[in-house]
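Listed below, chain by chain, are the residues.
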Amino acid sequence: MTVGPVIIAGGGIGGLATALTLHQIGVPCVVVESVREMRPLGVGINLQPNAVRELYDLGITQDDLDRVGLPAKEWALVGLNGNDIYSEPRGRLAGYKWPQYAVHRGRFHLLLYDKLVERIGPDSVRLGSRVTGYRKNPDGSVSALIEQPDRSAAEAAGRLLIGADGIHSAVRAQMHPAQPPIHWGGAVMWRGTTWAKPIRTGASFVGLGTHRHRMVFYPISLPDPQTGLSMINWIAEVTMDNAEGWKHSGWFRQVGTEEFVHHFEDWIWDWLDVPALIRQADTAFENPMIDRDPVPTWQDGPVALLGDAAHAMYPTGSNGGSQAIIDARVLGAAMVEHGVTQEALAAYDAKLCGPVSQLVLRNRGAGPFGLLNLVDERCGGRFDDIDDVIPPRERAEFMAAYKAAAGFAMESLNKAPRTIPPGARARAAV
Ligand SMILES: Cc1cc2nc3c(=O)[nH]c(=O)nc-3n(C[C@H](O)[C@H](O)[C@H](O)COP(=O)(O)OP(=O)(O)OC[C@H]3O[C@@H](n4cnc5c(N)ncnc54)[C@H](O)[C@@H]3O)c2cc1C
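Anyway, here's the lowdown on the structure attached to this text. Please read these numbers as outputs of a predicted model, since none were measured by experiment.

### Looking at the packing of helix H1 (residues 13-24) against helix H8 (residues 320-338)
Next, step 1: Orientation of H1 relative to H8, taken along the N-to-C sense of each, is 30°, at an axis distance of 8 Å. With respect to each other, H1 and H8 are oriented roughly parallel. For H1 against H8, the interelement crossing comes out right-handed. Across the interface between the two elements, Ile 13, Gly 14, Ala 17, Thr 18, Thr 21, Leu 22 and Gln 24 of H1 pack against Gly 321, Ala 324, Ile 325, Ala 328, Arg 329, Leu 331, Gly 332 and Met 335 of H8.
Next, step 2: Of the residues belonging to the contact of H1 with H8, the class tally is eight nonpolar, six polar and one charged.

### Details of the sheet that holds strand S4 (residues 69-71)
Next, step 1: As summarised here, the arrangement of the three strands in space is S3-S7-S4, forming an open sheet in which the pairing is antiparallel. In the strand order of this sheet, the two ends are held by strand S3 (44-47) and S4, each with one partner. In this sheet, neighbouring strand axes are inclined to one another by 20° on average, regardless of whether the strands run parallel or antiparallel.
Next, step 2: Strand direction decides the pairing type here: S3 and strand S7 (residues 101-104), joined by four bridges, are antiparallel. Across the sheet, Asn 46 pairs through a bridge with Ala 102, a residue of S7.

### Quick notes on the packing of aromatic side chains
Next, step 1: Applying the stated rule across the entire model yields 11 aromatic pairs.
Next, step 2: Considering the side-chain rings of Trp 234 and Phe 260, the 6.0 Å spacing of their centres and the 40° angle between planes classify their relative orientation as tilted. Note that Trp 234 is positioned in strand S16 (residues 230-239) and Phe 260 in the loop between strand S17 (253-255) and strand S18 (268-269), a separation of 26 residues in sequence. The two residues Trp 234 and Phe 260 agree in class, both being buried.
Next, step 3: Among the aromatic residues, those joined into a ring-pair cluster are Trp 75, Tyr 86, Phe 205, Tyr 218 and Phe 369.

### A short note on the site of the ligand
Next, step 1: Around the ligand, the structure places 27 residues, and the nearest of them are Gly 14, Glu 33, Val 43, Arg 191 and Asp 308.
Next, step 2: One nitrogen or oxygen atom from the side chain of Arg 105 is found 3.0 Å from an oxygen atom belonging to the ligand.
Next, step 3: The contact in question runs from a nitrogen atom of the ligand to an N or O atom on the backbone of Val 131, over 2.9 Å.
Next, step 4: Out of a free accessible area of 920 Å², the ligand has 81% covered by protein chains.
Next, step 5: Counting residues per element, the ones that place at least two in the shell around the ligand are H1, S3, strand S9 (130-136) and H8.
Next, step 6: Of all the elements, H8 adds the most residues to the shell around the ligand, at three residues.

Thresholds, definitions, all that
- Residues numbered from 1 in each chain as written.
- Predicted model: local features only at pLDDT ≥ 70, side-chain atom pairs only at ≥ 80, totals over all residues.
- Heavy atoms only, no water.
- Axes fitted to C-alpha atoms, helices over the stretch in contact; angles between N-to-C directions.
- Helix = DSSP H or I, 4+ residues; strand = E, 2+ residues; numbered from the N terminus.
- Parallel < 35°, antiparallel > 145°, perpendicular 65-115°, else oblique.
- Left-handed = near helix turned anticlockwise from the far one by under 90°.
- Contact = heavy atoms within 4.5 Å.
- Nonpolar A, V, L, I, M, F, W, Y, C, P; charged D, E, K, R; others polar.
- Pairing = 2+ DSSP bridges.
- Phe/Tyr/Trp six-rings, centres within 6.5 Å; stacked < 30°, edge-to-face > 60°.
- Buried < 20%, exposed > 50% of the residue type's maximum accessible area, 1.4 Å probe, protein only.
- Near = heavy atom within 4 Å.
- Polar contact = N/O pair within 3.5 Å; in protein donor to acceptor, adjacent residues only side chain to side chain.
- Areas by Shrake-Rupley, 256 points an atom, 1.4 Å probe, with all protein chains shown as cover.

Put into structure tokens, the structure is as follows:
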């Protein structure tokens, strides 16, 4: 067996969490990342308590996270007439042992990158190098096929290859050559950030509107002590006819707010002015809401998929980034038990591929926003007293079922032993 590093294709949140985990358990690794420079890209994401627990175990502290976001206090759904449909406390306020964080995706990503460089050194990430595929070697090892910064082809041999190269994964495309194209269900999201006064608890996630026409927003910074303003992350979302597929070029486009603000022009209440919130943004990004059909396995011998490459999902459950971190930790735990071996990849695949694929499909069905569908169906989104539309017990049961499926049910998480015990090392291969 070749003694080489584990090669990680892709240095996003999933790839970097994997590298930090492997370093923690004593497994040499290298990240091969296609961008030439790490920059703080993206807007807001949520880190659920199950992922924050793992970050703490990786030595990423509350102070670190406070620099890139803030602990979320509330999750709320509000109807078109501004009346509350559902709200619940989040993180520690809800009784979890760990907070939920709302963070700036790019700044959190750079935090992970800085930790990796600090702990393993700058050579731990090969920037500007794209993994184009892989070759399984007769001795059980794997060679990653790489396009280098000067466009020349190269190979890197490793004991294992982890494909953490996102929704357009080259590793997945080779592993599952017959996979269908990207799936788009008809929803378009425009995302941006605006400095504004945070509402409700000051750290509330609010989903407003109906399931085909909604606005989601939450702060991703503590208020500036001088101005009282926080950076508010918002997602304006409209579902349209998708019969002809996505027509624009690319899946990610910078757009002016005038291209979409008209969908929300009359969304003004005394506590919120949606068109003003949108118009005050410097820039906005248009993303169709896309995912991929689940595949039956994430493993091909010495190669495994992780993060969005394994399970790109709709952001309705706010768990894409969190799940990538959980993947990394479950993979690490499998190496503690089985060594840096294909058996470890098989154990990781057996534990996660089935349930997380179910989660992908569940998020397609609106995830926790499913309550908005019910309100829409039963009263067209307008009501005086939500109890007349969906009784409290039905609301509570709906959310409990979602959380159990998404792996952040509180009692089981609070009781769960650590995924990787302190000081654990990967078992030596025999
Ligand atoms: C630029 C960017 C902005 C984003 N913004 C948001 C956001 O605002 N809100 C949100 O909810 N989610 C956002 N996401 C998605 C979110 O980060 C992921 O859903 C989640 O964190 C899972 O991360 P991942 O590491 O599996 O995938 P990703 O975050 O997609 O990371 C994949 C990484 O692999 C690299 N890569 C791709 N192909 C190759 C290849 N062939 N070889 C080598 N490297 C490759 C990419 O450059 C990227 O760094 C964004 C993703 C990206 C890449």
